[in-house]
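# Residue-level structural notes
If you want the building blocks of each chain, they are given just below.
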Amino acid sequence: MTRRWLVTGCSTGLGRALATAAAAAGDRVVATARRPEVLEELVRAHPGRIVAVPLDVRDAGQCEQAVATAVKRFGGVDVLVNNAGNGVFGTVEEVGDHELRDQLETLVVGPWRLARLVLPLMRAQGGGLVLNVSSLAGRTAFPGLAAYVTGKHALEGMTRALAVETAPFGIRVVALAASGYATHYGSSVSDAVGRSPAYRATTDPMREQLREMAALPDIGRPEDFAREVLRLADAPGPLPVRIPIGPGSFEHLSAAAHAAHAELATGRDLLAERGPSGG
């Protein structure tokens with residue numbers, strides 16, 4: 001069956017690779033980008049299968065228009081992929097209110113808004129698939145990425161709530177816990193205005209890793225990500241709410257789960273040592 005996709009963040013990287021792969025598989029795609037002119041080559045390569053739509057997920061009106069275009073051109077949405085992202089580099093102390101809001105608008109509020117818009121369509125048609133592109137940062141913290149880590153943790157919380165709420169309607173919801181991929185993300189992360197020398201020793205190694213990430217020999221390729229996502233969309237029945245995707249993702253998340261269990265045990269033992277009276 002031909003699927004109808006709405007994919008955000010298609011100008012480069014994971015979103016562009018996924019839109020290309022879905023169209024090549026015979027599906028129809030509403031591909032979005034802040035500057036839709038960068039998608040003209042994709043539209044020409046897949047006439048009638050890819051529609052380019054301007055979308056900044058922070059803009060409520062553009063979100064509504066993107067979903068309306070999917071309904072008008074393709075009759076609905078079978079798969080929503082919340083992939084659009086950005087990054088601000090800084091610690092909790094360094095990131096200002098406006099920078100934090102901007103990050104959360106992109107990573108949390110935008111996906112929430114788009115899910116809210118497509119859910120009535122999916123309920124009416126008896127099912128659908130919502131894929132929220134998360135990160136290893138949805139389970140672990142990285143120095144200097146405080147706002148990004150916060151956003152991805154919140155996105156995974158929303159994903160879990162949505163999965164429980166929509167399961168009775170046949171709507172599957174998944175957070176894709178992605179490891180590193182050869183995209184422009186690392187080089188596009190902007191520095192917080194309030195960067196302080198006090199944190200340089202803690203955060204500079206992470207900043208350098210981000211700049212060099214796309215060139216690492218064992219980094220994931222966007223085309224591989226796209227193939228894996230198509231496999232998930234083809235899979236019948238219920239899906240896990242969190243799925244590791246990309247090189248080393250499963251191992252990283254397994255180690256994080258083990259560390260979380262050990263931390264819980266340490267906290268339990270710490271309180272048990274003091275006794276019920278605190279003495």
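Summarised in this report is the structure supplied together with it. (Residues numbered from 1 in each chain as written. Predicted model: local features only at pLDDT ≥ 70, side-chain atom pairs only at ≥ 80, totals over all residues. Heavy atoms only, no water.)

### A look at the overall build of the protein
Each helix and strand in the protein was counted, giving 9 helices and 9 strands. Taken over C-alpha atoms, the radius of gyration comes to 20 Å for the protein, in line with the 19 Å a tight globule of 279 residues would show. Overall, the protein is about 70 × 45 × 35 Å in size when its C-alpha atoms are taken along their principal axes. Going through the 279 residues of the protein one by one, you find that 47% of them count as buried. When contacts within the protein are restricted to residue pairs at least 6 apart in sequence, those whose partners lie at least 24 apart make up 71%. Carbon and sulfur atoms provide 57% of the accessible area of the protein, an area that totals close to 13,600 Å². (Helix = DSSP H or I, 4+ residues; strand = E, 2+ residues; numbered from the N terminus. Rg over C-alpha atoms; globule rule 2.2 N^0.38 Å. Buried < 20%, exposed > 50% of the residue type's maximum accessible area, 1.4 Å probe, protein only. Contact = heavy atoms within 4.5 Å. Areas by Shrake-Rupley, 256 points an atom, 1.4 Å probe, with all protein chains shown as cover.)

### What to know about the layout of surface pockets
Taken as a whole, the second largest pocket holds about 200 Å³ of empty space. Tallied by class, the residues present in the lining of the second largest pocket amount to 4 nonpolar, 5 polar and 3 charged. (1 Å grid on protein atoms, 1.4 Å probe; cavity = no way out; pocket = protein on both sides within 12 Å on 5 of 7 lines; lining within 4 Å. Points joined across faces, edges and corners; volume = space filled by probe spheres on them. Nonpolar A, V, L, I, M, F, W, Y, C, P; charged D, E, K, R; others polar.)

### Concerning the packing of aromatic side chains
The description of two aromatic rings rests on the distance between their centres and on the angle between their planes. Overall, the coordinates contain 2 aromatic pairs when judged by the stated rule. Here the aromatic rings of Y148 and Y185 are separated by 5.2 Å at their centres, their planes lie at 40 degrees, and the arrangement is tilted. In this pair, Y148 sits in helix 5 (residues 146-166) while Y185 sits in helix 6 (residues 185-188), placing the two residues 37 residues apart along the sequence. The exposure class of Y148 is buried, given its relative accessible area of 11%. Seen from their ring centres, Y181 and F225 are 5.6 Å apart, and the 80 degrees between their planes marks the pair as edge-to-face. In this pair, Y181 is assigned in the loop between strand 7 (171-178) and helix 6 and F225 in helix 8 (residues 222-234), connecting sequence segments 44 residues apart. Its guanidinium or amino end placed over the ring of F169, R123 lies 5.7 Å from that ring's centre, counting from NZ or CZ. Directly above the ring of F89 sits R207, whose terminal nitrogen or CZ lies 5.2 Å from the centroid. (Phe/Tyr/Trp six-rings, centres within 6.5 Å; stacked < 30°, edge-to-face > 60°. Lys NZ or Arg CZ within 6 Å of the ring centre and 35° of its normal.)

### Quick notes on the nonpolar core
The biggest cluster of nonpolar side chains holds 34 residues, and the ones touching the most others in it are W5, V29, V81, L131, L176, F225 and V229. Elements with a contribution of two residues or more to this core: strand 1 (4-7), helix 1 (13-24), strand 2 (28-33), strand 4 (79-82), strand 6 (128-133), strand 7, helix 8 and strand 9 (242-245). When residues in this core are grouped by element, the largest group, 7 residues, is from helix 1. If sequence neighbours within four positions are ignored, L176 has contacts with L131, N132, V133, S134, S135, F225, V229, L232, I243 and I245. Counting 25 residues, the second-largest nonpolar core is a separate cluster that includes L55, C63, A66 and L155. (Core = buried A, V, L, I, M, F, W, Y, C linked by side-chain atoms within 4.5 Å.)

### Here's the deal with the pattern of salt bridges
In total, this model carries 16 salt bridges according to the counting rule given. In this structure, R3 engages D27 in a salt bridge whose closest nitrogen and oxygen atoms are separated by 3.0 Å. Residue R3 is located in the segment before strand 1, and its partner D27 is located in the loop between helix 1 and strand 2; the two are separated by 24 residues in the primary sequence. D27 carries the same exposure label as R3, and that label is buried. Between R195 and E94 there is a salt bridge whose closest N-O contact spans 3.4 Å. One end of the pair, R195, is in the loop between strand 8 (190-191) and helix 7 (200-212); the other, E94, is in the loop between strand 5 (88-89) and helix 4 (97-125), and 101 residues separate them in sequence. No difference in accessibility class separates R195 from E94, as the two residues are buried. One network of salt bridges, in which partners are shared, links E94, D191, R195, D204 and R207. (Salt bridge = Lys/Arg side-chain N within 4 Å of Asp/Glu carboxyl O.)

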